[in-house]
Amino acid sequence: LGHRGHVGHLLLHLAQDRDGWVSPAAMEEIADMLDLTPALVLGTCSFYTMLKREPVGGFVVSVCTNVSCLVNGGPELLDALRLRYLDDDDILVEEVECLAACDVTPVLQVNYEFHNGLTPDAAIDLVEQYKSGALTARTLSGTARSGKT
């Protein structure tokens, strides 16, 4: 795919930021723009876990449960967040394998913004700060919003 594959990846992120997910229509549009098959674009989209193929709301909370996080409270964070936001369509809580911050566990991300050393109650408070606008979240693809560095 070469250059077209790289551009396709960028366009998938833009579509996700625009629509809140990468819809089948967006994948077809990107395929047409780059003279690729929709299957190739879907393959790229399904390979990268940060690209969401279903609507996920405004916030993706990714909780690490790999070895270091496992023994330092990651599963407890995941359980508390899943229970709290089970019926909240604006919050997707997902388990991730590793966030590469093993020295400051447990670790989670909100729209790819790192946070560490949280208790379950502090993690819920953090997500509530994002929901209320007290903290500014990045886009679903992790891009800084206007005015945020």
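As a reminder, the structure under discussion sits directly above these lines.
Parameters at a glance
Residues numbered from 1 in each chain as written. Predicted model: local features only at pLDDT ≥ 70, side-chain atom pairs only at ≥ 80, totals over all residues. Heavy atoms only, no water. Salt bridge = Lys/Arg side-chain N within 4 Å of Asp/Glu carboxyl O. Buried < 20%, exposed > 50% of the residue type's maximum accessible area, 1.4 Å probe, protein only. Helix = DSSP H or I, 4+ residues; strand = E, 2+ residues; numbered from the N terminus. Disulfide = S-S within 2.5 Å. Pairing = 2+ DSSP bridges. Axes fitted to C-alpha atoms, helices over the stretch in contact; angles between N-to-C directions. Contact = heavy atoms within 4.5 Å. Phe/Tyr/Trp six-rings, centres within 6.5 Å; stacked < 30°, edge-to-face > 60°.

Caption draft 1: Main features of the pattern of salt bridges. Taken as a whole, this structure holds five salt bridges when the rule is applied. Across the pair arginine 18 and aspartate 19 runs a salt bridge, and its minimum N-O distance is 2.8 Å. By relative accessible area, arginine 18 is classed as exposed at 55%. We note a salt bridge from arginine 84 to glutamate 128, for which the minimum N-O separation is 2.9 Å. With arginine 84 in helix α5 (residues 74-84) and glutamate 128 in helix α6 (residues 120-132), this pair connects stretches of sequence that are 44 residues apart.

Caption draft 2: The arrangement of the state of the cysteines in detail. For the coordinates displayed, the defined rule picks out zero disulfides. The cysteine cysteine 64 is free of any disulfide, with cysteine 69 supplying the nearest cysteine sulfur at 3.2 Å. You can see cysteine 102 has no disulfide; the closest cysteine sulfur is in cysteine 98, sitting 4.6 Å from it.

Caption draft 3: Local environment of the sheet that holds strand β2 (residues 91-96). Judged by pairing direction, the sheet is mixed, and its four strands sit side by side in the order β2-β1-β3-β4 without closing on themselves. With one partner strand each, in any of the chains shown, β2 and β4 (113-116) form the two edges of the open sheet. Geometrically, the sheet is characterised by an average inter-axis angle of 25° between neighbouring strands, direction not taken into account. Contacting β1 (59-64), β2, β3 (107-110) and β4, α6 crosses the sheet at an angle of about 15° to β3.

Caption draft 4: Layout of the packing of aromatic side chains. What the rule picks out here adds up to two aromatic pairs. Where phenylalanine 47 meets tyrosine 48, the ring centres are 4.9 Å apart and the plane angle is 85°; that geometry is what we call edge-to-face. With relative accessibility at 62%, the residue phenylalanine 47 sits in the exposed group. For the pair phenylalanine 59 and tyrosine 130, a centre-to-centre distance of 6.4 Å together with 50° between the ring planes defines the contact as tilted. Here phenylalanine 59, found in strand β1, pairs with tyrosine 130, found in helix α6; they are 71 residues apart in sequence, far enough to count as distant. You can call phenylalanine 59 buried: its relative accessible area is 10%.

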